[in-house]
Structures are given as C-alpha cells and as structure tokens.
Amino acid sequence: MNPLVLIPARLASTRLPNKPLADIGGAPMIVHVLERALAAKIGDVAVACDSQQIGDAVAAAGGRYVLTDPDLPSGSDRIYRALLQIDPEKKYDVIINVQGDMPTLDPDIIRAAAALLDDPLVDIGTLAAVIASDEERNDPAVVKVVMGHGSLVNSQVQPKTKDQRPATGKALYFSRSLIPHGEGPHYHHIGIYAYRRAALETFVSLPPSVLEKAEKLEQLRALEAGMRLDVAVVDTVPLGVDTPEGLEKARKLIPALVAGSAAHH
C-alpha cells in the first residue's frame, strides 16, 4: 500500500471560530495535528484547507497543504478534492482522513486504521474505543458503533500487550443513540478513516443516504451502499477540540505529550 494522510481543516467553526489556528503551546492546533500524523510514519502527509491563513501556518511549520473550496459540504469531499490536486497520476492507493481538531492524537491509532486494509475485502477502516462511562453512553454527541464478526470477544475487549494487534470487528451500524440495547459492551466511534482510493471515489460520488440524513452521520452512506467498514478497537479516544473548554484541556495535555515525545527520541 502507498498511503497518503490528508487532514481536512476549515476556518468556519460555530463553537470555536478559527479553530485550526488556535494557539496551543506556541503552535497552531493544525500544526500539532500535522506533527502527530507525520509521527505515524505511514506515508506522505498534507493538509486540505479552505483558507490561505491555514496554509501559511502549515507551510511555516514545514508542512504541505492544498487549498480547497470553502463551500465543500464535508471533510470527505475536502480530502477527495485535495487528492485530485495532489495526485492526478493516482500513485496513492490508500487515503487516511485524520481530523484537523485532534491535536493530542496518538500516532499509533492512525496506523491501526490503515492496518485494517491489509484485508482485501475491507473498503474503509476506522476506529472505536470501549465506552466506560454512563455520561458517554447517553451523550448523542458520542457516536456509537455496533460491530460483528472479526476478533471481538463477546463480553469485553481484553487488554492487549504492546505487540498485539487491536481487536477488530465489522461495522454494522452507527448511531447517536445507545446501541445495541442491553448490557453491551458499547463502543465510541473515532472519526479517523482509511479509505481505499476506489472506495473514497465511490463514496463522494453517492448522494447523501436516508440513514445518513436521519442520524447526521455520513459513514452510514457507505454502509447503505454495501461498502465494508471494519473497525479496530483502540485504548483511548483522542480529544477532539470543538469548544473553548476542549481547547483549554488540549493546552494542558500538549506540554506533557511534547516532553514525552522528546524523551522517546
């Protein structure tokens, strides 16, 4: 596989204006995400952004960016348009969509999403974590995924050693409601996607589906079209920064992460 990591970023955010440029420890949020994606060492990385301001911040940090139409309806549309600009020769066959608001992202989980495509039957790989609190279970902002098949154990995901691959399952449905009914386990979906290039091309060509519009979850478009999404279960949910409170939390976490990364190297 020859993967390309694309990070969609846009200035317009109702809850946190100019979110990608928010300062965290002396660097814009988008630069932290770029550095985490590069640390995954899985392939080339670029930011797909809707404004020159974001592009300038990325370029100042030595990163690559491509400008996309601000009016594109979703992150997946943004990465597809960026892909057409970056790679008209189609040398990249796997596209990994990393959200631009996850500055504390563990690079290992980017690799976990991509590894799902080792199975030639999988169209899209994504991630989830076990839900441990009632607050998450009952929060419609926390997207739940129901899985079947794969290496999931029935009762609970077992702790794994460093060398073990994550437990995996085949996505059956995504919802903002608590699913399945009963004791669970329940899984918190993490919005990082590894697409085969052909799957991304198909996905963006499809109109929004009935279930997608009902749940406001675009991954349901892929399921309704008969595409196979597999899910790797990882240990933690990366912090998504959507609010001023989330930004403050990231500002507290980043110094420790940077220090830990420096010590590791």
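Residues numbered from 1 in each chain as written. Predicted model: local features only at pLDDT ≥ 70, side-chain atom pairs only at ≥ 80, totals over all residues. Heavy atoms only, no water.

**Q** Kindly report on unusual backbone geometry, identifying the contributing residues and their values.
**A** In this structure, Pro180 follows Ile179 across a cis peptide bond, with omega equal to -5°. Within the element layout of this structure, Pro180 appears in the loop between strand E9 (168-175) and strand E10 (187-196). One non-glycine residue, Lys216, lies in the positive phi region at around 60°. Relative to the helices and strands, Lys216 is located in the loop between helix H7 (210-215) and helix H8 (219-224). (Helix = DSSP H or I, 4+ residues; strand = E, 2+ residues; numbered from the N terminus.)

**Q** I'd like a description of the side chain of His186, backed by residues and values.
**A** Mapped onto the elements, His186 comes out in the loop between E9 and E10. For His186, a relative accessible area of 2% translates into the label buried. Polar side-chain contacts of His186 include one of 2.9 Å to the backbone oxygen of Pro180. In this view, His186 contacts Ala129, Val130, Ile131, Arg137, Leu178, Ile179 and Pro180; residues no more than four positions away in its chain are not counted. (Buried < 20%, exposed > 50% of the residue type's maximum accessible area, 1.4 Å probe, protein only. Polar contact = N/O pair within 3.5 Å; in protein donor to acceptor, adjacent residues only side chain to side chain. Contact = heavy atoms within 4.5 Å.)

**Q** Lay out the packing of helix H3 (residues 75-86) against helix H6 (residues 197-205) with the relevant residues and their values.
**A** Helix-helix packing: each pair is described by the crossing angle between the helix axes and the interaxial distance. Running from amino to carboxyl end, H3 crosses H6 at an angle of 120°, the nearest separation of the two axes being 10 Å. By the angle class used here, H3 and H6 are oblique. In the crossing of H3 with H6, the sense of the turn from one axis to the other is left-handed. Only Arg197, Leu200, Glu201, Phe203 and Val204 of H6 make contact with H3, whose side of the interface consists of Ser76, Asp77, Ile79, Tyr80 and Leu83. (Axes fitted to C-alpha atoms, helices over the stretch in contact; angles between N-to-C directions. Parallel < 35°, antiparallel > 145°, perpendicular 65-115°, else oblique. Left-handed = near helix turned anticlockwise from the far one by under 90°.)

**Q** Describe H3, with residues and values.
**A** The terminal C-alpha atoms of H3, which comprises 12 residues, lie 16 Å apart, in line with the 16 Å expected from a rise of 1.5 Å per residue. Considered for burial, the residues of H3 that qualify are Ser76, Asp77, Arg78, Ile79, Tyr80, Ala82, Leu83 and Ile86. Where H3 is buried, its residues meet strand E1 (3-9), strand E4 (44-49), strand E5 (65-67), strand E6 (94-97), E10 and H6. (Expected span 1.5 Å × (residues − 1).)

**Q** Talk me through the pairing of strand E7 (residues 124-130); I want residue IDs and the actual numbers.
**A** Among the 7 residues that make up E7, 6 are buried, leaving the element largely enclosed by the rest of the structure. In this sheet, E10 lies alongside E7 in antiparallel orientation, the contact comprising 6 bridges. Counterpart to Val130 in the pairing with E10 is Tyr187. Bridge count for E7 against strand E11 (residues 229-233) is 5 bridges, and the pairing is parallel. Bridge pairing in E11 places Leu127 opposite Ala232. (Pairing = 2+ DSSP bridges.)

**Q** Can you lay out the packing of aromatic side chains for me, pointing to particular residues and giving the numbers?
**A** Throughout the structure, instances matching the rule amount to 2 aromatic pairs. Relative to Phe203, the ring of Tyr195 lies with its centre 6.2 Å away and its plane at 45°, an arrangement referred to as tilted. Clustering of aromatic rings is evident, with ring pairs tying together Tyr193, Tyr195 and Phe203. The positively charged end of Arg221 is found above the aromatic ring belonging to Phe203, 4.4 Å away from the centroid. (Phe/Tyr/Trp six-rings, centres within 6.5 Å; stacked < 30°, edge-to-face > 60°. Lys NZ or Arg CZ within 6 Å of the ring centre and 35° of its normal.)

**Q** Just give me the short version of the nonpolar core, but keep the residues and values in it.
**A** Among the nonpolar cores identified, the biggest contains 45 residues, and Val47, Ile96, Val98, Leu127 and Ile192 are the most heavily contacted of them. The leading source of residues in this core is helix H1 (residues 29-39), at 6 residues. Other than its neighbours up to four places away in sequence, Leu127 contacts Ile109, Ala112, Ala113, His188, His189, Ile190, Ile192, Val231, Ala232 and Val234. Ranked by size, the runner-up nonpolar core spans 34 residues in total, among them Val66, Leu83, Ile86 and Tyr92. (Core = buried A, V, L, I, M, F, W, Y, C linked by side-chain atoms within 4.5 Å.)

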